[in-house]
Protein chains: 2
Amino acid sequence: MELRTPTKTVLYSIEEAIKSYRRFSQKNISRLIPGITVDQVLILIIISDEKELTQMEIADRVFKDYASITRIINLMVINGYLVKEDHKQDRRRSMLQVTSKGKSVIKTLGPVIEHNRRTALAGLGEEEIMQLYTTLKKITANCSPKD
Amino acid sequence: MELRTPTKTVLYSIEEAIKSYRRFSQKNISRLIPGITVDQVLILIIISDEKELTQMEIADRVFKDYASITRIINLMVINGYLVKEDHKQDRRRSMLQVTSKGKSVIKTLGPVIEHNRRTALAGLGEEEIMQLYTTLKKITANCSPKD
DNA sequence: GACTTTTATTTGATATATCAAAAAAGGCAG
DNA sequence: CTGCCTTTTTTGATATATCAAATAAAAGTC
């Protein structure tokens, strides 16, 4: 019987960890504001912090496909968190504006997100977090096309 | 309260790493056998290793929802990798059998999966992998309902 | 044996992931 | 200006994620 060592399963544990974290976060978010997703809240915060981002830049920030961003943002417009206005310099793009409803979501959920992160990382030392970060970046690099 | 840019937190790098790995793996798999997904291959291998698993047990092994497993397995039956037969003792369940087409997929892709894992972890020391594993397990525990 | 509760799976509705292809505007060479 | 190439976004098709609710069979209770 062969022992399943971390070497064989560590990639599973990455999947496990991120899924646990996402489910945990979504639950806490839904408790306060049902009907919005973790992804939507994060994108809302990103747009609110940097007003001039293109959708492609937003996609890169959250490691999502451009097609996904199109659909997520459309939903956020439909749900009243964002409005799309014409972009003067480049008519392929559009200016994304956070609505007052969107701002209120950020205000309400910002602390929840902070709390989720702190809870997820509870008991981890500063050193340990740095090490985690470093190791994960190596894996990302190993798996990235090096064009 | 100050919301640090989410992209800078370590939890993002977990997401980034696992997505890079999944895309990388899928690309290598599709090169050899187009039309099958990473998830399907892993589930195929799991069923092939342990013949008597219920769908719920399979779901737990790959950290997926039961509903997802139902749909993935249905697709795998449609695509001829699996067959469902009646389970004698419990008629709610069904016996999942890997078809010869499924076995051939495992034979072809097994080495690819091994290669993907080795590539993803290239340059990481044994110690470092253990540490990664330990830290991720802490995060998972922190985010898991402790009923 | 009928009733209730659990367990295993499925379905419905909606969100996100991915790839390929299309659409639409911008930029550039000639 | 015209044709060509690039960039940004969208669409189509399909797979997976998630929660809630529905089925259906097994197990426990009386």
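Sequence positions are assigned chain by chain, starting from 1 and proceeding in written order. All chains are assigned letters beginning at A, and all ligands numbers beginning at 1, according to the order in which they are written. Totals for whole chains, interfaces and linings use all residues, but because this is a predicted model, local features are given only for residues with pLDDT of at least 70 and pairs of side-chain atoms are given and counted only at 80 or more. Side-chain calculation: all heavy atoms of the structure are included, whereas hydrogens and water are not.

J.: For the protein's contact with DNA strand C, give the residues involved together with the corresponding values.
T.: Here a residue counts as near a molecule or strand whenever at least one of its heavy atoms sits within 4 Å of it. DNA strand C sits among 25 residues. The nearest are T37 of chain A together with R23, R71, K84 and R92 of chain B. By the criterion applied in these results, polar contacts are pairs of N or O atoms within 3.5 Å in which, for protein atoms, one can donate a hydrogen and the other can accept it, and in which residues neighboring in sequence qualify only through two side-chain atoms. R71 of chain A has a polar side-chain atom sitting 2.9 Å from a base oxygen of DNA strand C. The contact in question runs from a phosphate oxygen of DNA strand C to an N or O atom on the backbone of M56 of chain B, over 3.0 Å. Helix and strand labels come from DSSP, where a helix needs a run of H or I of at least four residues and a strand needs a run of E of at least two; each type is numbered from the N terminus. Contributions of two or more residues to the surface near DNA strand C are made by helix 2 (38-49) and helix 4 (66-78) of chain A together with helix 1 (10-32), helix 3 (55-61) and helix 4 (66-78) of chain B. It is helix 4 of chain A that provides the largest number of residues to the surface near DNA strand C, a total of five residues. Three classes are used, and their members are as follows: Ala, Val, Leu, Ile, Met, Phe, Trp, Tyr, Cys and Pro are nonpolar, Asp, Glu, Lys and Arg are charged, and the others, Gly among them, are polar. Partitioned by chemical class, the residues of the surface near DNA strand C number six nonpolar, six polar and 13 charged.

J.: Describe the relation of the copies chain A and chain B, naming the residues involved and giving the relevant values.
T.: For the pair chain A and chain B, the superposition axis carries a translation of 0.0 Å, the fit reaches an RMSD of 0.1 Å, and the rotation angle comes to 180°. Such a combination of turn and shift is consistent with a two-fold rotation axis. Using C-alpha coordinates, one finds that chain A approaches the rotation axis most closely at L132 of chain A, a distance of 3.1 Å. Should any heavy atoms of two residues lie within 4.5 Å, those residues are considered in contact. When the interface residues of chain A are mapped onto chain B, 87% of them are again interface residues, pointing to one common binding face. A least-squares superposition brings the copies together, and it is based on the C-alpha atoms of residues with pLDDT no lower than 70 in both.

J.: Which residues make up helix 2 (residues 38-49) of chain B, and what are the values?
T.: Expected helix span is taken as 1.5 Å per residue step, with the number of steps being one fewer than the number of residues. If you check helix 2 of chain B, its first and last C-alpha atoms are 17 Å apart, about what twelve residues at 1.5 Å a residue would give, namely 16 Å. For helix 2 of chain B, a buried count of nine out of twelve residues is recorded, marking the element as mostly surrounded by other parts of the structure. Using a 1.4 Å probe on the protein chains alone, a residue whose accessible area is under 20% of its type maximum counts as buried, one over 50% counts as exposed, and one in between counts as partly exposed.

J.: Help me get a handle on the protein's contact with DNA strand D, residues and values and all.
T.: Of all residues adjacent to DNA strand D, which total 26 residues, the nearest are R23, R71, K84 and R92 of chain A together with T37 of chain B. K19 of chain A places a side-chain nitrogen or oxygen 3.2 Å from a phosphate oxygen of DNA strand D. At 3.0 Å from a phosphate oxygen of DNA strand D is found a main-chain nitrogen or oxygen belonging to M56 of chain A. Residue assignment for the surface near DNA strand D shows that the elements contributing at least two residues are helix 1 (6-32), helix 3 (55-61) and helix 4 of chain A together with helix 2 and helix 4 of chain B. Tallied by class, the residues present in the surface near DNA strand D amount to six nonpolar, seven polar and 13 charged.

J.: Before we move on, could you go through helix 4 of chain B and cite the residues and values that matter?
T.: Residues and elements named next belong to chain B. Here helix 4 contains 13 residues, and its C-alpha end-to-end distance of 18 Å stays within 8% of the 18 Å for a straight helix at 1.5 Å per residue. Buried residues along helix 4 sit in contact with helix 2, helix 3, strand 1 (82-86) and strand 2 (94-98). Looking one or two places after helix 4, you find G80, whose phi comes out positive at around 85°.

J.: Can you explain the interface of chain A and chain B? Please cite residues and give values.
T.: Residue-level contacts link 54 residues of chain A with 53 residues of chain B. Put simply, buried area is how much 1.4 Å-probe accessible surface two parts lose in total, over both of them, once they are put together. Here chain A packs against chain B, burying approximately 5,300 Å² in sum over the two surfaces, 66% of which is carbon and sulfur. By the criterion of area lost to chain B, the three top residues of chain A are L11, Y12 and F63 of chain A, representing 13% of everything that side buries. Within this document, salt bridges are pairs made up of a side-chain nitrogen of Lys or Arg and a carboxyl oxygen of Asp or Glu, the two lying within 4 Å of each other. For R22 of chain B, the salt bridge is made with E15 of chain A, and the minimal N-O distance between the two is 3.1 Å. Where chain A meets chain B, there are 18 residue pairs in polar contact (both at pLDDT 80 or more). Contributing elements (two or more residues each) for the side of chain A that touches chain B: helix 1, helix 2, helix 5 (100-120) and helix 6 (126-143) of chain A. Residue contributions to the side of chain A that touches chain B peak at 20 residues, all from helix 1 of chain A. Considered class by class, the residues forming the side of chain A that touches chain B number 26 nonpolar, twelve polar and 16 charged.

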